[in-house]
Amino acid sequence: MNQPAETDLSMSAAQTRLQVKLGLRSYDIVIGAGLLADVSPILSLAAGARIVVVSNTFVSGLYGGAFAKKLTAAGADVIQIDLPDGEVHKDWQTLNMIFDAMLERACDRKTMMVALGGGVIGDMVGFAAAIYQRGVPFIQVPTTLLAQVDSSVGGKTAINHPLGKNMIGAFYQPKMVLIDTATLSTL
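Asks: Where do I start with the nonpolar core in this structure?
Replies: Soluble globular proteins: nonpolar side chains tend toward being buried together. With 24 residues, the main nonpolar core has Val52, Val54, Ile81, Leu95, Ile98 and Met113 as its most contacted residues. The set of elements that each furnish at least two residues to this core consists of strand 3 (50–56), strand 4 (77–83), helix 3 (92–104), strand 5 (112–117) and helix 4 (119–131). In this structure leucine 95 touches Met124, Phe127, Ala128, Ile131 and Ile159, once residues within four positions along its chain are discounted. Counting 23 residues, the second largest nonpolar core, distinct from the first, contains Ala76, Met112, Leu116 and Ile139.

See the structure below:
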């Protein structure tokens, strides 16, 4: 499969902001075209300077490099993790790729995780965030319509087991959901 060309993240964004009210676990959903161009909302929620951006190889080729460069230019220490693409990889082995990279870089509880991709990435990163060091903050950046509507809202996180889909997981709320509708143009 050919690697997609990297997408320009420079367009400005008009946005809509909704709040999911859950007391101390409340979070905003920000919706608009071109939101990936502005990393300040992500940086404002990061307690530390380290941000782990997890994507799959396809989405990373479109957005991951430019997104990581913007975060780095803004002063963040970025760890970029590209997982294999597809539901078949939503398992312990792939989840351990996230943990291996974070443990090798001595990520702590202030490390912010960012899920950049569709539902599989959102589920896996949310679950990883829920259980890494008993919970680290994370942000959902869904890039498919289904993930924008379903997977990024409600805190459902999971991996698959050979005996059933989404059988191992947790409910864990993101700090924010950033829905850049321009990502739908590359589906």
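Asks: I tried to follow the environment of threonine 144 on my own but got confused; where do I start?
Replies: Turning to its location among the elements, threonine 144 is positioned in the loop between strand 6 (138–142) and helix 5 (145–151). Placed 43 residues apart in sequence, threonine 144 and leucine 187 show a C-alpha to C-alpha distance of 7.1 Å. Apart from the residues within four sequence positions on either side, threonine 144 is in contact with Gly118, Gly119, Leu184 and Leu187.

Asks: Whenever I open this one, the layout of surface pockets confuses me. Can you help?
Replies: Considering only enclosed or pocket space, the largest pocket measures out at about 240 Å³ in volume. Around the largest pocket sit 18 residues that line it, and Asn56, Val59, Asp85, Gly118 and Thr144 are the ones nearest its centre. Residue assignment for the lining of the largest pocket shows that the elements contributing at least two residues are helix 2 (57–73) and helix 4. Residues of the lining of the largest pocket, tallied by class, amount to eight nonpolar, nine polar and one charged. Taken as a whole, the second largest pocket encloses approximately 210 Å³ of empty space. As for the second largest pocket, its lining consists of 14 residues, of which Lys90, Asp123, Asp150, Ser151 and Asn166 are closest to the centre. Listing elements by their share of the lining of the second largest pocket, those giving two or more residues are helix 4, helix 5, strand 7 (156–161) and strand 8 (164–171). Looking at which element gives the most residues to the lining of the second largest pocket, the answer is helix 5, with four residues. Of the residues assigned to the lining of the second largest pocket, the class counts are four nonpolar, four polar and six charged.

Reading guide: rules and limits
- Residues numbered from 1 in each chain as written.
- Predicted model: local features only at pLDDT ≥ 70, side-chain atom pairs only at ≥ 80, totals over all residues.
- Heavy atoms only, no water.
- Core = buried A, V, L, I, M, F, W, Y, C linked by side-chain atoms within 4.5 Å.
- Buried < 20%, exposed > 50% of the residue type's maximum accessible area, 1.4 Å probe, protein only.
- Helix = DSSP H or I, 4+ residues; strand = E, 2+ residues; numbered from the N terminus.
- Contact = heavy atoms within 4.5 Å.
- 1 Å grid on protein atoms, 1.4 Å probe; cavity = no way out; pocket = protein on both sides within 12 Å on 5 of 7 lines; lining within 4 Å.
- Points joined across faces, edges and corners; volume = space filled by probe spheres on them.
- Nonpolar A, V, L, I, M, F, W, Y, C, P; charged D, E, K, R; others polar.

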